[in-house]
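What follows is each chain in one-letter form.
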Amino acid sequence: MIHSQVCRFLRTKGVDEDVTEKLKEEKMDIPEVLSANDDVLKELGLTTAGDRLSLRGFCSTAQDGQKNTDKESKRRRLLEAFLSSRKDRSKKLVTSCHKEQKKKIGKEKEKTK
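Residues numbered from 1 in each chain as written. Predicted model: local features only at pLDDT ≥ 70, side-chain atom pairs only at ≥ 80, totals over all residues. Heavy atoms only, no water.

- Going by an unreviewed UniProt entry, the chain carries the name SAM domain-containing protein and comes from Acropora cervicornis.

Here you go:
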């Protein structure tokens, strides 16, 4: 999945297919690329500084985007849970009010009898 993002990016940069295959073999995902030093990336075939720097830039941007997506997803789940609990409380309140009204009506009917 993520391997394909990294490989697709490198293909747009014109990096040799052998390099992308080596990255797949070595399971170099975005976090691994970001933690790899220049020597490791050179051993994998990224011989030019520009390719290494642009790959790190791409991975950093992709990782930040994923973090933002995760935050937004969490925010959305929390909001849905909050709204759902408010909705449940509203139903309980309405039900409780209806029960009290029925009790009052019942008591009033008993008084009139």
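Having seen the model, we can carry on.
1. Things to note about a nonpolar patch on the surface
At step 1: Together, Leu-79, Phe-82 and Leu-83 give the surface a local cluster of nonpolar side chains, amounting to about 290 Å² of exposed area.
At step 2: Of note, Leu-79 is situated in helix α5 (residues 49–112). (Patch = residues over 30% accessible without salt bridge, like charges linked within 9 Å, V, L, I, M, F, W, Y side chains within 5 Å. Areas by Shrake-Rupley, 256 points an atom, 1.4 Å probe, with all protein chains shown as cover. Salt bridge = Lys/Arg side-chain N within 4 Å of Asp/Glu carboxyl O. Helix = DSSP H or I, 4+ residues; strand = E, 2+ residues; numbered from the N terminus.)

2. What about the packing of aromatic side chains?
At step 1: Tallied over the full model, the rule gives one aromatic pair.
At step 2: With a centroid separation of 4.5 Å and 10° between ring planes, the pair formed by Phe-9 and Phe-58 is classed as stacked. Remark: Phe-58 occurs in helix α5 and Phe-9 occurs in helix α1 (residues 2–12); sequence separation between them is 49 residues.
At step 3: According to the relative accessible area criterion, Phe-58 is partly exposed, its value standing at 24%. (Phe/Tyr/Trp six-rings, centres within 6.5 Å; stacked < 30°, edge-to-face > 60°. Buried < 20%, exposed > 50% of the residue type's maximum accessible area, 1.4 Å probe, protein only.)

3. A look at the pattern of salt bridges
At step 1: Counting across every chain of the model gives four salt bridges.
At step 2: Here Glu-17 and Arg-11 are joined by a salt bridge, their closest N and O atoms 3.1 Å apart.
At step 3: Under the relative-accessibility criterion, Arg-11 is labelled partly exposed at 37%.
At step 4: Across the salt bridge formed by Asp-38 and Arg-56, the nearest N and O atoms sit 2.9 Å from each other. One end of the pair, Asp-38, is in helix α4 (residues 38–43); the other, Arg-56, is in helix α5, with 18 residues separating them in the sequence.
At step 5: With a relative accessible area of 33%, Asp-38 lands in the partly exposed category.
At step 6: The exposure class of Arg-56 is buried, given its relative accessible area of 19%.
At step 7: A network of salt bridges, in which partner residues are shared, links Asp-38, Arg-52 and Arg-56.

4. A word on the nonpolar core
At step 1: Within the largest apolar cluster, 15 residues are counted, with the highest numbers of intra-cluster contacts made by Val-6, Leu-10, Leu-23, Met-28, Leu-46 and Leu-55.
At step 2: Counting only elements with at least two residues in this core, the list comes to α1, α2 (17–25), α3 (30–35) and α5.
At step 3: A total of three residues in this core trace back to one element, the largest contributor, which is α1.
At step 4: Ignoring sequence-local partners within four residues, the contact set of Leu-55 consists of Val-6, Phe-9, Leu-10, Val-33 and Leu-46. (Core = buried A, V, L, I, M, F, W, Y, C linked by side-chain atoms within 4.5 Å. Contact = heavy atoms within 4.5 Å.)

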